[in-house]
Structure formats: C-alpha cells, structure tokens
Amino acid sequence: QVQLVESGGGLVQPGGSLRLSCTTSGIPFNIYAMGWYRQAPGNQRELVSAIGRGASSTYYADSVKGRFTISRDNAKKMVYLQMNSLKPEDTAVYYCNALNPGSGRNYWGQGTQVTVSS
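Everything numeric here is computed off the predicted structure, so don't read it as measured data. (Residues numbered from 1 in each chain as written. Predicted model: local features only at pLDDT ≥ 70, side-chain atom pairs only at ≥ 80, totals over all residues. Heavy atoms only, no water.)

## Considering the overall build of the chain
Here is step 1 of the chain: Counting its secondary structure elements, the chain contains zero helices and 11 strands.
Here is step 2 of the chain: Going from N to C terminus, the chain has its helices and strands arranged as β-β-β-β-β-β-β-β-β-β-β.
Here is step 3 of the chain: Based on the C-alpha atoms only, the size of the chain along its principal axes is roughly 40 × 25 × 25 Å.
Here is step 4 of the chain: Burial statistics for the chain: of 118 residues in total, 42% are counted as buried.
Here is step 5 of the chain: When contacts within the chain are restricted to residue pairs at least 6 apart in sequence, those whose partners lie at least 24 apart make up 54%.
Here is step 6 of the chain: By element, 46% of the accessible surface of the chain is carried by carbon and sulfur atoms, the whole surface being about 6200 Å². (Helix = DSSP H or I, 4+ residues; strand = E, 2+ residues; numbered from the N terminus. Buried < 20%, exposed > 50% of the residue type's maximum accessible area, 1.4 Å probe, protein only. Contact = heavy atoms within 4.5 Å. Areas by Shrake-Rupley, 256 points an atom, 1.4 Å probe, with all protein chains shown as cover.)

## Considerations on the packing of aromatic side chains
Here is step 1 of the chain: Under the defined criterion, the tally for this structure stands at two aromatic pairs.
Here is step 2 of the chain: Taking the centre distance of 6.2 Å and the plane angle of 40° together, the rings of tyrosine 32 and tyrosine 107 count as tilted. You can see tyrosine 32 sitting in the loop between β3 (18–25) and β4 (33–39) and its partner tyrosine 107 sitting in strand β10 (residues 106–108), a full 75 residues away along the chain.
Here is step 3 of the chain: Overall, the relative accessible area of 5% leaves tyrosine 32 in the buried class.
Here is step 4 of the chain: When the ring centre of tryptophan 108 is taken as reference, the NZ or CZ atom of arginine 45 above it lies at 4.8 Å. (Phe/Tyr/Trp six-rings, centres within 6.5 Å; stacked < 30°, edge-to-face > 60°. Lys NZ or Arg CZ within 6 Å of the ring centre and 35° of its normal.)

## Brief notes about the state of the cysteines
Here is step 1 of the chain: Taken as a whole and assessed by the stated rule, the structure comprises one disulfide.
Here is step 2 of the chain: Across a sulfur-sulfur distance of 2.1 Å, cysteine 22 and cysteine 96 are joined as a disulfide pair. With the S-S bond torsion at -85°, the cross-link from cysteine 22 to cysteine 96 turns out left-handed. In this pair, cysteine 22 is assigned in strand β3 and cysteine 96 in strand β9 (residues 92–99), connecting sequence segments 74 residues apart. No difference in accessibility class separates cysteine 22 from cysteine 96, as the two residues are buried. (Disulfide = S-S within 2.5 Å.)

## Side note on the sheet that holds strand β8 (residues 78–83)
Two modes of strand pairing occur in sheets, parallel and antiparallel, and in both the strands are linked by backbone hydrogen bonds.
Here is step 1 of the chain: Here we have four strands laid out as an open sheet, ordered β1-β3-β8-β7, and antiparallel in their pairing. One side of each edge strand has no neighbouring strand; the edge strands of this open sheet are β1 (3–7) and β7 (68–73). Between one strand axis and the next, the sheet turns through 15° on average, direction left out of account.
Here is step 2 of the chain: Bridge analysis of β3 against β8 gives six bridges, and the strand direction is antiparallel. Note that in β8 the partner of leucine 20 across the bridge is leucine 81. (Pairing = 2+ DSSP bridges. Axes fitted to C-alpha atoms, helices over the stretch in contact; angles between N-to-C directions.)

Shown next as structure tokens:
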C-alpha cells in the first residue's frame, strides 16, 4: 500500500519557523518528484515547492521564495519543507505529493495544519 504521512505542523508566531516532514512508503521513492502543496479555507490548493528526483532541480512559489527550503533524503525516503520567516498568509493545510514523472501518477498525504498567528 502507498502511504504519505506529513508531520511537523502546528501553531507558530509570525516570523517563526517550522519544519515539515513527509514519510513515504509503498513507492519507489527515488524515481518520484516530490512537492508540497497548501490549501487555505476558501482558496484553491496551490503548489508551494517541488523537488526533482535527484534533487538537482527545485521550484518555489513566488510567495515563499527566499523563506522556504525543500529537501529530500532518498535513503530515508523522506521529503522536508523548512519554513522560515512565517507570515499569517502562510496559514493553511500543507500536503505532501509524490509524482511519477514517467506515468504522471500522483499520491497525496492527508495534510498537516500550519497556523501562523500572534
């Protein structure tokens, strides 16, 4: 069975930091591109950051560029999102996504809540 499980969300003050983790199982992790999406109430789900299977290419939404860093550990089959200088606008449920570049097949985690508030 395929499973993606996010962790590390919580309540943080503006300017603070959080590190999200995504643990994967049931997929050949090394050949999958990985991404972090987020969805706030009333908003569409948006791509926040993504990383290629070899970690040689990364993507960041303009809204988080310079503040967030995505990374992956192929040995541990995990992907991370380091979030610094957090803003209230970052408040959302954050989802881990795995994409097979060859087939286009996607897998999703259940999400973890991030709330940025003073």
